[in-house]
Amino acid sequence: MGNFCSPRKSEQLKAELLSEAKLNPQFEAALRSKLFSNHADKIINEFEKFLLLQAIKASESPAGNFKPLLASPIIDQVWRHAILYTKYYTDHSQRLVGRFGLGFIHRIDPRTLEPKEAYDAYNETVRMYDVHIGRNFRKGEARSLPMLLWPEYSSPDEMQLDLNLYVWINDEKKAQLKKAAIESLHKDSQKQIDPKKLAADLATGPPAQSPSEVVTLKIPADPRVNMEKVEGLQLKYAQLMNGSQLPPKFMEILMNEQMISASLAKEWIAEYKKYLLMCYISNESVSPSREVDEVWHLHQHFTEEYAKFCQEMFGCLLVHAPSAHDGSEKEDFMALYNKTLDFYSKLFGEIPRHIWPEAAVRFGPANRNWVNLNKFVEAVVMLEKLPVN
């Protein structure tokens, strides 16, 4: 479109876009609640600059030829949290890129690209950052944070290593990782510890269950059932359970990020699909288990694929609205979750408790956050080697 050809127009448009890139207070507060960092404000500020770069690229791209930029691993984590606030993120995208004929800033998962393609795409983001925001800032203040917000990779392999070493785990899994790293260190202090192997060894999960069968649905005489959607429901259920509608590498990414086995990942995905069917047929809100919610989150992070999936299967976008589940609303969510379990049992029969636990377990402390396996293991080893006073 050429909006940045004229320096004067360039600075004027950039100023307008920078104003639009600022998150509204509610959106910013929601994101901050998900960031377990003393630097949350700076990280969010960098995310806003990343959105600004997306808008600048949209302004420079020919109509229908906009390809989203890739974020650094840490900024990508913020982006993924932002996408889960469907209404906020959709409205924000529209404000930023609507003037360029786009309605949404889609996210591309770099792990689904060839390593060289992902590397080149990320370097384009870094190049645009240096041009429009400033190389000195990226190499100065943004690099002064304990976590490197905009790392420079020397090769596609180095970037892939960083991308594939982030996991989304709770305190229990972190304790298991720490114990495994210390045990490995004590066995052979000279041997290099492989954090990815440690994680894979811990990703056992409960014993594999029998594969989910596509049972004959029993449509209950229940006011929650939208009777207009009952016709053809059994066929839709079979399509959901047997089809391969999920994005490429979806199960592999789920296994790596959640540190779960292949058999458990398949079960989580099967239960997620059942949950979607409940969303579709119910007149009321339904609440997912934590395990199902994690699959739903990952699916939504593939923004374009998720939107297409929802449209083809259900004729509309299934909207996600995260909650902090704080004291003010915990009882309401527990009640809703118990109603969901009841609805599940009426539609599908026996409830698999290792994926749909009791409400007290579902809404117990989670303490989940992103962990870089490499940095985590390095820190454990360093602390273990410190002399004891």
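The rules behind these values
- Residues numbered from 1 in each chain as written.
- Predicted model: local features only at pLDDT ≥ 70, side-chain atom pairs only at ≥ 80, totals over all residues.
- Heavy atoms only, no water.
- Buried < 20%, exposed > 50% of the residue type's maximum accessible area, 1.4 Å probe, protein only.
- Helix = DSSP H or I, 4+ residues; strand = E, 2+ residues; numbered from the N terminus.
- Pairing = 2+ DSSP bridges.
- Expected span 1.5 Å × (residues − 1).
- Contact = heavy atoms within 4.5 Å.
- Core = buried A, V, L, I, M, F, W, Y, C linked by side-chain atoms within 4.5 Å.
- Salt bridge = Lys/Arg side-chain N within 4 Å of Asp/Glu carboxyl O.
- Axes fitted to C-alpha atoms, helices over the stretch in contact; angles between N-to-C directions.
- Parallel < 35°, antiparallel > 145°, perpendicular 65-115°, else oblique.
- Nonpolar A, V, L, I, M, F, W, Y, C, P; charged D, E, K, R; others polar.

Which residues make up the pairing of strand β1 (residues 166-169), and what values go with them?
With burial as the criterion, each face of β1 is covered, one bearing Y166 and W168 and the other bearing V167 and I169. Pairing of β1 with strand β2 (residues 369-372) involves four bridges; the strand directions are antiparallel. Among the inter-strand pairings, W168 is bridged to a residue of β2, identified as W370.

Before we move on, could you go through helix α13 (residues 290-301) and cite the residues and values that matter?
Between the first and last C-alpha of α13 there are 17 Å, a value that for twelve residues agrees with the 16 Å anticipated at 1.5 Å per step. For α13, the buried fraction is high: eleven of the twelve residues fall into the buried class. Buried within α13 we find E291, V292, D293, E294, V295, W296, H297, L298, H299, Q300 and H301.

For the side chain of Q54, give the residues involved together with the corresponding values.
Of note, Q54 is situated in helix α3 (residues 40-60). Judged by its relative accessible area of 0%, Q54 is buried. Leave out the neighbours within four places in its chain, and Q54 touches F66, P68, L69, W79 and I105.

Could you give an account of the nonpolar core, naming the residues involved and the relevant values?
L31, F47, F50 and W79 are the most contacted members of the largest nonpolar core, which totals 50 residues. At eleven residues, the largest contribution of residues to this core is made by α3. When near neighbours in sequence (up to four residues on either side) are disregarded, W79 contacts F47, F50, Q54, L69, A71, Y89, I105, H106 and R107. Within the second largest apolar cluster, 47 residues are counted, among which are F314, F348, I351 and I355.

Break down the pattern of salt bridges for me, citing the residues and quoting the values.
In the structure shown here, the tally under the stated rule is 24 salt bridges. Residues R353 and E358 are paired through a salt bridge, measuring 3.6 Å at the closest nitrogen-oxygen approach. Under the relative-accessibility criterion, R353 is labelled partly exposed at 38%. Under the relative-accessibility criterion, E358 is labelled partly exposed at 43%. Each of D76, R80, R107, D109, R111 and E257 takes part in one network of salt bridges that share partners.

Let's hear about the packing of helix α9 (residues 195-202) against helix α17 (residues 373-385): which residues, and what values?
One can describe the packing of α9 onto α17 by two numbers: an axis separation of 9 Å at closest approach and a directional angle of 100 degrees. In terms of their interaxial angle, α9 and α17 are classed as roughly perpendicular. Facing α9, whose interface residues are P195, L198 and A199, α17 presents L373, N374 and V377. Within the contact of α9 with α17, the residues separate by chemical class into five nonpolar, one polar and no charged.

These figures capture arrangement, not role.
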